[in-house]
Amino acid sequence: MQLFPQLETERFILRKLTSADAGDLFHYFSNDEVTKYYDLNSFVELRQAEDLIQSWNSRYLENKGFRWAITVKPDNKVIGTCGYHNWAKEHYKAEIGYELNPSYWRQGVMTEVLQEILRFGFEDLGLNRIEAFIDPDNIRSRYLLEKTGFHEEGYLKQCFYEKDQFVDAVIFSLLKSQYLINRE
């Protein structure tokens, strides 16, 4: 794979995460509000953020996904991340995931970022389907997905095992054909 692709929106730079970003990630991943619907417990030490960055970057090197740091122009501080995992190239699909520092909630950050990430997925990666799995109670995530064109496909009972319990999920998808219609 080539150099990690840097993306840009009107207000944000989406770039590769580095070990220097661990403090920013630790800051918001140590917040229970951020990890409430996440498959990770709240961080208690910086090493957890370093390990997460390394894990995401390893997925990229193994050609299994992308995870971008979201930074506000012109600042280099990481306020969240967004990207693809479970990339099934043979099926032209990937799963999208994201999180954001609560200080930036309700400011249109993820809506703006997601539009560029979706463009990259459909136009540059050649995806035909992008999926998202969310907790049924995660109303903010539901709203974001619907706002960016995703459609709910179903309710999956006890779909994942997270934080020592089985949890339900709602699956959303966006197909390339829908994405193209929405862009018109």
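Residues numbered from 1 in each chain as written. Predicted model: local features only at pLDDT ≥ 70, side-chain atom pairs only at ≥ 80, totals over all residues. Heavy atoms only, no water.

Remarks on the overall build of the protein chain
Piece 1. When its secondary structure is counted, the protein chain shows six helices and eight strands.
Piece 2. Shown N-terminal to C-terminal, the secondary structure of the protein chain runs as helices and strands in the order β-β-α-α-α-β-β-β-α-β-α-β-β-α.
Piece 3. Each principal axis of the C-alpha distribution contributes one length, and for the protein chain these read about 40 × 40 × 35 Å.
Piece 4. Relative to its 184 residues, the protein chain shows a buried fraction of 48%.
Piece 5. Within the protein chain, contacts between residues separated by at least 24 positions form 60% of all contacts whose residues are at least 6 apart in sequence.
Piece 6. With the model as given, the accessible surface of the protein chain reaches about 10,000 Å², and the carbon-plus-sulfur share is 47%.
Piece 7. For the protein chain, the distance from the average site of its 22 positive side-chain charges to the average site of its 29 negative ones is 2 Å. (Helix = DSSP H or I, 4+ residues; strand = E, 2+ residues; numbered from the N terminus. Buried < 20%, exposed > 50% of the residue type's maximum accessible area, 1.4 Å probe, protein only. Contact = heavy atoms within 4.5 Å. Areas by Shrake-Rupley, 256 points an atom, 1.4 Å probe, with all protein chains shown as cover. Lys, Arg positive; Asp, Glu negative; His and termini not counted. Charge placed at Lys NZ, Arg CZ, Asp CG, Glu CD.)

Notes on the state of the cysteines
Piece 1. For the coordinates displayed, the defined rule picks out zero disulfides.
Piece 2. Here C82 stays free of any disulfide, with the sulfur of C159 as its closest cysteine sulfur at 20 Å.
Piece 3. C159 sits in the partly exposed class, given a relative accessible area of 33%. (Disulfide = S-S within 2.5 Å.)

Some remarks on the pattern of salt bridges
Piece 1. Using the criterion set out here, one finds 16 salt bridges in the structure.
Piece 2. Between D51 and R47 there is a salt bridge, and its shortest N-O distance comes to 3.1 Å. Of this pair, D51 and R47 both sit in helix 3 (residues 46-61), four residues apart, which is roughly one turn of the helix.
Piece 3. Its relative accessible area of 35% is what places D51 among the partly exposed residues.
Piece 4. Ionic pairing is found between E123 and R183, a salt bridge with its closest N-O pair at 2.2 Å. (Salt bridge = Lys/Arg side-chain N within 4 Å of Asp/Glu carboxyl O.)

Points about the packing of aromatic side chains
Piece 1. Tallied over the entire structure, the rule returns 15 aromatic pairs.
Piece 2. Ring geometry for F4 and W68: centres 5.7 Å apart, planes at 65°, overall edge-to-face. With F4 in the segment before strand 1 (7-8) and W68 in strand 3 (residues 66-72), this pair connects stretches of sequence that are 64 residues apart. Take F4 and W68: they sit in the same class, and that class is buried.
Piece 3. A connected cluster of aromatic rings, assembled from ring pairs, spans F4, Y60, F66, W68, Y84, W87 and F120.
Piece 4. Positioned above the aromatic ring of W87, the side-chain terminus of K89 is 4.4 Å from the ring centre. (Phe/Tyr/Trp six-rings, centres within 6.5 Å; stacked < 30°, edge-to-face > 60°. Lys NZ or Arg CZ within 6 Å of the ring centre and 35° of its normal.)

Some details on unusual backbone geometry
Piece 1. Omega for the peptide link from K73 to P74 comes to -15°, which places this bond in the cis form.
Piece 2. Counting through the fold element by element, P74 comes out in the loop between strand 3 and strand 4 (78-88).
Piece 3. Positioned with a positive phi, K163 is a non-glycine residue whose angle comes to about 50°.
Piece 4. One can find K163 in the loop between strand 7 (151-162) and strand 8 (165-175).
Piece 5. You can call K163 partly exposed: its relative accessible area is 32%.

A look at the packing of helix 1 (residues 22-29) against helix 3
Piece 1. Relative orientation of the contacting elements helix 1 and helix 3 amounts to 115°, with a least axis distance of 8 Å. In terms of orientation, helix 1 lies roughly perpendicular with respect to helix 3. Here helix 1 runs over helix 3; the crossing is right-handed. Here A22, G23, L25, F26 and F29 of helix 1 come into contact with helix 3, specifically with L46, A49, E50, L52, I53 and W56.
Piece 2. Here the residues of the contact of helix 1 with helix 3 sort into nine nonpolar, one polar and one charged. (Axes fitted to C-alpha atoms, helices over the stretch in contact; angles between N-to-C directions. Parallel < 35°, antiparallel > 145°, perpendicular 65-115°, else oblique. Left-handed = near helix turned anticlockwise from the far one by under 90°. Nonpolar A, V, L, I, M, F, W, Y, C, P; charged D, E, K, R; others polar.)

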